[in-house]
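Spelled out from the first residue to the last, the chains are:
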Amino acid sequence: MSMAEHDTAAIDWDLLYETARDARLKAYAPYSTFLVGAALLTEDGEIVPGCNVENRSYGLCICAERTAVATAVAAGKKTFRAIAVVTDTSPPASPCGMCRETLTEFCDGDTPVLMADLDGERVIKPLRELHPDPFQWPENIPKGS
Ligand SMILES: [Zn+2]
């Protein structure tokens, strides 16, 4: 996806924010009580929500961003224009390292990441700024081998 396709002015940030904000209310977070919502904008303009889903075995918890990515991939969507993440924290929380790495699997470095709180504070950064040096599959090992 080229820079032009990441034209942040062409993205309905309010709708993306509202979808993530509403998804946040569906979070299953009885242990941390830290509710997170995400909304992934697909290449074809669909918005896929995600929320964090915790587990009594803490290591099984999954973040809102990765829930959205998994849901989108299951629906056949693998190219994304933007993602929004909404928390009730100021300044707005940013995606964790695992989610940043996951996003780099499907998004290029120009993909804008909106981080927002419930009071309207919004920060937008390109994924590259959040995760400048993602793991690269070794060139000498073909995928699928
Ligand atoms: Zn995460």
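First, a word on what this report is: a plain description of the structure on this page.

Rules of the game
- Residues numbered from 1 in each chain as written.
- Predicted model: local features only at pLDDT ≥ 70, side-chain atom pairs only at ≥ 80, totals over all residues.
- Pairing = 2+ DSSP bridges.
- Helix = DSSP H or I, 4+ residues; strand = E, 2+ residues; numbered from the N terminus.
- Core = buried A, V, L, I, M, F, W, Y, C linked by C-beta atoms within 7 Å.
- Buried ≥ 20, exposed ≤ 12 C-beta atoms within 10 Å, placed from the backbone.
- Contact = placed C-beta atoms within 7 Å.
- Axes fitted to C-alpha atoms, helices over the stretch in contact; angles between N-to-C directions.
- Parallel < 35°, antiparallel > 145°, perpendicular 65-115°, else oblique.
- Left-handed = near helix turned anticlockwise from the far one by under 90°.
- Nonpolar A, V, L, I, M, F, W, Y, C, P; charged D, E, K, R; others polar.
- Right-handed = clockwise from strand over helix to strand, strands pointing away.

Focus: the pairing of strand β5 (residues 122–126)
1) Next: When strand β4 (residues 112–116) meets β5, the two strands line up antiparallel, connected through five bridges. Counterpart to Leu114 in the pairing with β5 is Ile124.
2) Next: Count of turn residues in the β4/β5 antiparallel hairpin: five residues, of which Gly120 carries a positive phi of about 95 degrees.

What to know about the nonpolar core
1) Next: Grouped together as the largest cluster of nonpolar side chains are 31 residues, with contacts concentrated most on Ala38, Ala39, Leu40, Ala64, Ile83, Ala84 and Val85.
2) Next: Only α1 (13–24), β1 (37–42), β2 (47–51), α2 (64–74), β3 (80–86), α3 (97–106) and β4 provide two or more residues apiece to this core.
3) Next: The greatest single-element share of this core, amounting to six residues, is contributed by β3.
4) Next: Residue contacts for Ala39: discarding those within four places in its chain leaves Leu16, Thr19, Ala20, Ala23, Ile47, Pro49, Ala68, Ile83 and Ala84.

Comments concerning unusual backbone geometry
1) Next: In this model, Ser90 is joined to Pro91 through a cis peptide bond whose omega is 0 degrees.
2) Next: Secondary-structure assignment places Pro91 in the loop between β3 and α3.

Topic: the packing of α2 against α3
1) Next: Running from N to C, α2 and α3 cross one another at 25 degrees; their axes reach a closest spacing of 9 Å. Put simply, α2 runs roughly parallel to α3. For the crossing formed where α2 meets α3, the hand is left-handed. In contact with Glu65, Arg66 and Val69 of α2, α3 contributes Cys99, Thr102, Leu103 and Phe106.
2) Next: For the contact of α2 with α3, the class distribution of residues is four nonpolar, one polar and two charged.

Quick word on the pairing of β4
1) Next: Among the five residues in β4, five count as buried, and that is most of the element.
2) Next: Side chains Pro112, Leu114 and Ala116 project from β4 onto one buried face, and the interleaved Val113 and Met115 project onto a second face that is buried too.
3) Next: With α3 bridging β3 and its parallel neighbour β4, the resulting β-α-β unit is right-handed.

Comments concerning the sheet that holds β2
1) Next: Spatial strand order, β2-β1-β3-β4-β5: five strands in an open sheet with mixed pairing. Unpaired on one side and paired on the other, β2 and β5 mark the two borders of the sheet. Along the sheet, successive strands turn relative to each other by an average axial angle of 20 degrees, direction set aside.
2) Next: As paired strands, β1 and β3 are joined by six bridges and run antiparallel to one another. Residue Leu41 lies in a different strand from β3, and its bridge partner there is Ala82.
3) Next: Each of β1, β2, β3 and β4 touches α1; the most contacted strand, β1, lies at about 140 degrees to it.
4) Next: Strands in contact with α2 are β1, β2 and β3; relative to β2, the strand with the most contacts, it is inclined by about 135 degrees.

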